[in-house]
Amino acid sequence: MTARAGGHERIYRGLLRLYPANYRERYSEQMVQLFADQRRDTGAARAWLKTPVDLVTSAASEHLRRNRPVAHSLTLQPTPASRVSGLLGLIAGAMLLVGFLGTEALTPDLFNLRLVVFTLGAIAVVIAAHQRQARAGRRLALSGAIPAIVGNALYLVLVIRAVSAPGQIGPGDYQPVWLWIVGGAALWLGDAWFGLVTLRLGVLNRASAFALVVGSLLALAGMGNFLRGSPVETIILGGIAVHGLAWILLGLEIALRRRPAPPVAPA
Amino acid sequence: MLIMLAIGPEERHGYAIMREVARITEGATKLGPGGVYTTIRRLLEDGLIEESEERPDPDLDDQRRRYYKLTGTGRAVVASEARRMESLIAAARPWALELRQPA
């Protein structure tokens, strides 16, 4: 390939920025290769002649497609595993909302059980969501799932560790405090990041993802800063409620919405 | 459908698919790289085609190339669509032939 010919491909590669990142990641090398083949066989002028229309129409179609989570005629019912994961997510969200009944009404055991169910449900939904999101962008989906799983798992371990320790503890009365701050921050930040990635990938409902981001960040902002009866408390509690609703919506979507058919091996 | 027909029983890379589409439509449809790969992506997601695991010999072909082939479902869809079009043509043939004849 001459330097001049390489220049054509470099310009074409630059234009591929019009496509969504996950599409580019998967197809840009092949598209540049195809463009180079086309230019070699038909000449640069002909290859470039159709490029603007081809780029604009197909890039626009890919951007619009990102906003249509399932745009295929061939879709499958959720698997039993998806249904269970979705149901766990729904319960997880409900567990957060239960907190609004008043944590004083909960015994320490119920309080901690609520947190265990919440983190397990969140992990189940993240794993189920990742299976769908990986089709849209494997690396990005994984980068969203891992922090959320780690954050929730860490919090789960902390709760189990606390309830396993000898002696009676009150709801949320955990020690050492710094460890719980780290665990809580990991949980909220992990969930917020998962929400952002979900928002970006567009495979699942963006409103749920947005609610997850907002709810997580509000909850993070409220850590250790609960001013009883103040407007700040109301905002933070609202954030946790939004967070719970987001898991419920994601859980429902995972459990009920049809998914794209996977590739089938040749008969 | 055109791209699935262009792949046919073979394993083809993007450029070969593009050329085959132009050939079977007698030049009426000329796809660009964007048109080819956005369609390939949709067909992959629908499970109608799959990427071949075999890579070209580096001495014979560019390693960046990816080859695609029809899945079992894809072949069934092509066969079903061909049958559907055959029945449409069969239904249209009697009066379409009449139209050709001078009044």
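Residues numbered from 1 in each chain as written. Chains lettered and ligands numbered in written order. Predicted model: local features only at pLDDT ≥ 70, side-chain atom pairs only at ≥ 80, totals over all residues.

The next point concerns the overall build of chain B. Each helix and strand in chain B was counted, giving 4 helices and 3 strands. If you list the helices and strands of chain B from N to C, you get α-β-α-α-β-β-α. Taken across its 103 residues, chain B has 32% of its residues classed as buried. Taking contacts inside chain B between residues at least 6 apart in sequence as the whole, the part at least 24 apart equals 43%. (Helix = DSSP H or I, 4+ residues; strand = E, 2+ residues; numbered from the N terminus. Buried ≥ 20, exposed ≤ 12 C-beta atoms within 10 Å, placed from the backbone. Contact = placed C-beta atoms within 7 Å.)

What follows deals with the overall build of chain A. Tallying secondary structure elements over chain A gives 10 helices and 2 strands in all. When its helices and strands are written in sequence order, chain A yields α-α-α-α-β-α-α-α-α-α-α-β. In chain A, buried positions account for 37% of the 267 residues.

Residues and elements named next belong to chain B. Sheet topology places strand E1 (residues 12-13) next to strand E3 (residues 67-70); 2 bridges connect them, and they run antiparallel. Looking at E3, one finds that Arg12 is bridged to Tyr68. By the bridge criterion, 3 bridges tie strand E2 (residues 49-51) to E3 in an arrangement that is antiparallel. In the strand pairing of E3, Glu50 is matched with Lys69. (Pairing = 2+ DSSP bridges.)

Residues and elements named next belong to chain A. Two numbers describe how helix H6 (residues 108-133) lies on helix H8 (residues 177-201): the axes approach to 12 Å, and their chain directions differ by 25°. In terms of orientation, H6 lies roughly parallel with respect to H8. For the element pair H6 and H8, the recorded crossing hand is left-handed. Where H6 approaches H8, its residues Ala122, Val126, Ala129 and Gln133 are matched on the opposing element by Asp191, Phe194, Thr198 and Leu201. Class assignment for the residues of the contact of H6 with H8 results in 5 nonpolar, 2 polar and 1 charged. (Axes fitted to C-alpha atoms, helices over the stretch in contact; angles between N-to-C directions. Parallel < 35°, antiparallel > 145°, perpendicular 65-115°, else oblique. Left-handed = near helix turned anticlockwise from the far one by under 90°. Nonpolar A, V, L, I, M, F, W, Y, C, P; charged D, E, K, R; others polar.)

Across soluble globular proteins, you tend to see nonpolar side chains buried next to one another. Residues and elements named next belong to chain A. Core analysis: the largest hydrophobic core is formed by 44 residues, its most contacted members being Val125, Val126 and Leu250. Looking at this core, the elements that each hand over two or more residues are helix H5 (80-98), H6, helix H7 (138-164), H8, helix H9 (206-221) and helix H10 (231-256). Top contributing element to this core by residue count: H6, with 9 residues. Discounting residues that sit within four places of it in the chain, Val125 has contacts with Ser85, Gly86, Leu88, Gly89, Ala92, Trp247, Leu250, Gly251 and Ile254. (Core = buried A, V, L, I, M, F, W, Y, C linked by C-beta atoms within 7 Å.)

When pLDDT is averaged across chain A, the result is 81; 81% of the residues are at 70 or more. Predicted confidence is poor over residues 70-74 of chain A, with pLDDT under 50, and the contacts of this stretch with residues over four places away or in other chains come to 11 contacts. (pLDDT = per-residue confidence, 0-100.)

Reading across from one edge, E1-E3-E2 (chain B) is the order of the 3 strands in this open sheet, with antiparallel pairing throughout. Pairing within the sheet leaves two strands with one partner each, and these edge strands are E1 and E2 of chain B.

Let us look at unusual backbone geometry. For residues besides glycine, phi is generally negative; the peptide bonds are generally trans as well. Phi at Glu26(B) is positive, roughly 55°, even though this residue is not glycine. Summarising the element assignment, Glu26(B) is placed in the loop between helix H2 (14-24) and helix H3 (33-45).

Further remarks concern H10(A). Two residues of an α-helix separated by three or four positions point the same way, owing to the 3.6 residues in each turn. Its 26 residues place the ends of H10(A) 37 Å apart at the C-alpha level, agreeing with the 38 Å of an ideal helix rising 1.5 Å per residue. For H10(A), every residue scored as buried is listed here: Ile236(A), Gly239(A), His243(A), Gly244(A), Ala246(A), Trp247(A), Ile248(A), Leu249(A), Leu250(A), Gly251(A), Glu253(A) and Ile254(A). (Expected span 1.5 Å × (residues − 1).)

Residues and elements named next belong to chain A. Across its 19 residues, H5 extends 27 Å between first and last C-alpha, which sits within 8% of the 27 Å expected from 1.5 Å per residue. By the burial criterion, the buried members of H5 are Ser82, Ser85, Gly86, Leu88, Gly89, Leu90, Ala92, Gly93, Met95 and Leu96. Packing partners of the buried residues in H5 comprise H6 and H10.

Another point: the confidence of the model for chain B. Taken as a whole, chain B shows an average pLDDT of 84; of its residues, 85% reach a score of 70 or greater. Interface confidence for the predicted complex, given as ipTM, is 0.81, next to a pTM of 0.51.

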